[in-house]
Amino acid sequence: MTNEVMQLVSDNVFGVWFLIGAALVFWMQAGFAMVEAGFTRAKNTGNILMKNLMDFCIGTVMFILIGFSFLLGEDFLGFIGKPGFDIFTSYANFDFSSFVFNLVFCATTATIVSGAMAERTKFLSYCVYSAVISALIYPIEAHWIWGGGWLAQMGFHDFAGSCAIHMVGGTCALIGAKILGPRIGKFTTDKDGKVTKVNAIPGHNLALGALGCFILWLGWYGFNGAAAVTIPQLGSIFLTTTVAPAVATVVCMIFTWVKYGYPDVSMCLNASLAGLVAVTAPCDVTDCFGAAIIGAVAGVLVVFGVWLLDYKLHIDDPVGAVAVHFMNGIWGTIAVGLFATKSAPESELVGLFYGGGFKLLGIQLVGLISVMAWAVVTITITFLVIKAIFGLRVDAEEEITGLDAVEHGLASAYADFALTSSINNFSSQANIEIPADAVPIDEAVPVQVRTPDPSIATASDVSITKITIYAKQSRFDALNEEMAKIGIKGMTVTNVLGCGAQHGRVSQYRGVTMDLNLLPKIQVDIVVSKISPRIVIDAAKRALYTGHVGDGKIFVYNVENAIRISSGAEGYDALAD
């Protein structure tokens, strides 16, 4: 009797955990949206959010109509589940939990494609191929693996989807990005169309990308762990799901630090996801050592994947979806045949490196090649048909304008946001140490005198000078204090972006050297008459100088006249308080 009660409690606990895991996988949609939005440009943010939302919503509709029965319906010849409408005709006996669980996995497969084809795909076309993936491509191959199909009968093992979800999604992403073509400006070509240079197109918000990465990592505990059947197995899965991405990220950090001279932020975020993808198939059958090796390979493989697409295949993947999901989906599927061990709870599999021989590895390779072939053929047909009927890509003008405006009538996803400065950060209280090899102050903060067109306004009877200062945001407090000391009581401060290449500094984004950087600056405009412009200039140079090129620039203009609108006063009277 006691054993029966304990079994009942256990079944109910894991039944609830099964649904909690499904909810965590659903929450991963937010992670994908944040990663994709952060790694792309602000003018397409609304479009990306809409696509990630519709992935799940369209996927739900298609999964209800046909996808679920193709996946988990009565097996037909090991290839497909028989179509049925039990969700409508036999609802009282329907497996609600299984439907929800498999639905959220299906939606993930479609979402992977979005990132690789971001910033230049027609929204209508995206909705169509998202529906096809959810209705046909994913459910049929997933039936082979999880629905009692021929791969399951053979002994193929993919516990949570390195092959069924990530490799398939990555394959669709790779083919879609190839057919679609690169974003405008990604590659420089000669007159014959040969790529001569790879250009970086940085994402607009790495903070969003990092948030998305952490959301996905959290969701992955449900992704990998929801199907666990015992507490030890669940604990082991949590362990491997933690170790693999952590090791992958550390390895990627070291690798990019050595290769590029800097630990690459966006690449390390990709590496965390790559480690998660790679351990998804073997998470239940490998141990800590196996998870660490799987993660280490993933950390290098993701960097190689980004380089391969940029410099050899010339395929534009803005978020690294192919490197993360396709390449590490392949690696994770193969890793089952290498690192499976009976020491993992509930595991009956033994891989090559644990004395199991080549049998399991051979089964994994057969399954991998078969599923990949299915995905390649079906998604290629899908994209070519969509291209012929609707067109896949927006035109050049729409791409340059941004998909938020042309596809959704949205001026900006950040309508109420403006650039903000980091003023009032007490930078004036910091002691700036001038380096021994400091450049001269006139080179660090150059001054240029500009002469205006005398036809613009009637000349004042006094000398009026406008001084425009461009400086780092962090030096505003120091500049403000120096101006106060010399009696400057008014100034106009504007946040601006400076575009240029700074001598002696090389910036890289995902391994691609950037020729020009947009850097946040402040523009300070001061108009003086009574106070000598030279006093203002000298004070500004003292405040801004740190001994480095790029401390700032000062422009001096002769002003013909100043007019106060409220009183009509002109010249010096217009400047007086």
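Basis of the calculations
Once a new chain begins, its residue numbering starts again from 1 and follows that chain's sequence as written. A pLDDT threshold of at least 70 governs which residues receive local features in this predicted model, and a stricter bar of 80 or more applies before side-chain atom pairs are shown or counted, although totals over entire chains, interfaces and linings include all residues. As a convention, hydrogens and water are excluded, and side-chain values are obtained from all of the structure's heavy atoms. Per the convention used, a helix needs a DSSP run of H or I reaching at least four residues, while a strand needs a run of E reaching at least two, with both numbered from the N terminus. Think of it in three bands: residues with accessible area under 20% of the maximum for their type are buried, residues over 50% are exposed, and the middle band is partly exposed, with areas taken using a 1.4 Å probe on protein chains only. Contacts are assigned to residue pairs with any non-hydrogen atoms lying within 4.5 Å of each other. Two cysteine sulfur atoms make up a disulfide if the distance between them is within 2.5 Å. Axis definition: a line fit to C-alpha positions, over the contact stretch in the case of helices; interaxial angles, taken between N-to-C directions, run 0 to 180 degrees. Angles below 35 degrees are treated as roughly parallel, those above 145 as roughly antiparallel, those between 65 and 115 as roughly perpendicular, and all remaining angles as oblique. Note on convention: near helix rotated counterclockwise from far helix by under a right angle means a left-handed crossing. Clockwise means right-handed. Gly counts as polar in this scheme, as do all residues outside two lists: the nonpolar Ala, Val, Leu, Ile, Met, Phe, Trp, Tyr, Cys and Pro, and the charged Asp, Glu, Lys and Arg. In what follows, salt bridge is the name for a side-chain nitrogen of Lys or Arg lying within 4 Å of a carboxyl oxygen of Asp or Glu. Stacked, tilted and edge-to-face are the three classes applied to pairs of Phe, Tyr and Trp rings, where Trp contributes its six-membered ring and a pair requires centres within 6.5 Å; stacked means planes under 30 degrees apart, edge-to-face means over 60, and tilted covers the rest. Remark: a charge is flagged as sitting over a ring if the NZ atom of Lys or the CZ atom of Arg is within 6 Å of the ring centre and within 35 degrees of the ring normal.

## Comments concerning unusual backbone geometry
Here is step 1: Positive phi, close to 60°, is recorded for Leu 77, a residue that is not glycine.
Here is step 2: Within the secondary structure, Leu 77 sits in the loop between strand E1 (75-76) and strand E2 (80-81).
Here is step 3: For Leu 77, a relative accessible area of 75% gives the class exposed.
Here is step 4: With a phi angle near 70°, Glu 346 is a residue other than glycine that sits in the positive phi range.
Here is step 5: In this structure, Glu 346 sits in the loop between helix H12 (321-339) and helix H13 (359-389).

## Thoughts on the environment of Pro 182
Here is step 1: Relative to the assigned elements, Pro 182 resides in the loop between helix H7 (162-180) and strand E3 (187-189).
Here is step 2: For the pair Pro 182 and His 314, spaced 132 residues apart in sequence, the C-alpha separation works out to 8.0 Å.
Here is step 3: Leave out the neighbours within four places in its chain, and Pro 182 touches Arg 120, Phe 187, Asp 316 and Arg 393.

## Quick notes on the environment of Tyr 509
Here is step 1: Tracing the backbone shows Tyr 509 in strand E8 (residues 507-509).
Here is step 2: For Tyr 509, a relative accessible area of 12% puts it in the buried group.

## Re the state of the cysteines
Here is step 1: Applying the stated rule across the entire model yields zero disulfides.
Here is step 2: Note on Cys 268: no disulfide assigned, nearest cysteine sulfur contributed by Cys 252 at a separation of 4.2 Å.

## Comments concerning the packing of helix H5 (residues 123-146) against H7
Here is step 1: At a minimum axis distance of 10 Å, the contact between H5 and H7 shows a crossing angle of 140°. As summarised for this structure, H5 and H7 are arranged oblique, according to the angle between their axes. For the pair H5 and H7, the sense of crossing is right-handed. Between H5 and H7, the contacting residues are Ile 133, Ile 137, Tyr 138, Glu 141, Ile 145 and Trp 146 on the first element and Cys 163, Ala 164, Ile 165, Val 168 and Cys 172 on the second.
Here is step 2: Residues of the contact of H5 with H7, tallied by class, amount to 10 nonpolar, no polar and one charged.

## Re the pattern of salt bridges
Here is step 1: In the structure shown here, the tally under the stated rule is 11 salt bridges.
Here is step 2: Lys 186 is paired through a salt bridge with Asp 310; the nearest N and O atoms lie 3.7 Å apart. Remark: Asp 310 occurs in helix H11 (residues 288-313) and Lys 186 occurs in the loop between H7 and E3; sequence separation between them is 124 residues.
Here is step 3: Beyond isolated ion pairs, a larger network of salt bridges with shared partners links Arg 41, Glu 119, Arg 183 and Asp 316.

## Some details on the packing of aromatic side chains
Here is step 1: Across all of its chains, the model carries 25 aromatic pairs by this definition.
Here is step 2: Taken together, a centroid distance of 5.0 Å and an interplanar angle of 50° make the contact between Tyr 91 and Phe 96 tilted.
Here is step 3: A centroid spacing of 5.4 Å and a plane angle of 40° characterise the contact between Trp 220 and Phe 223, whose relative ring orientation is tilted. Taken together, the residues Trp 220 and Phe 223, both in helix H8 (residues 206-225) and three residues apart, mark about one turn of the helix. Phe 223 matches Trp 220 in its accessibility class, with the two residues each being buried.
Here is step 4: Among the aromatic residues, those joined into a cluster by ring pairs are Phe 18, Phe 101, Phe 105, Trp 146, Trp 220 and Phe 223.
Here is step 5: Above the ring of Tyr 126, the side-chain terminus of Lys 51 is found at 5.0 Å from the ring centroid.

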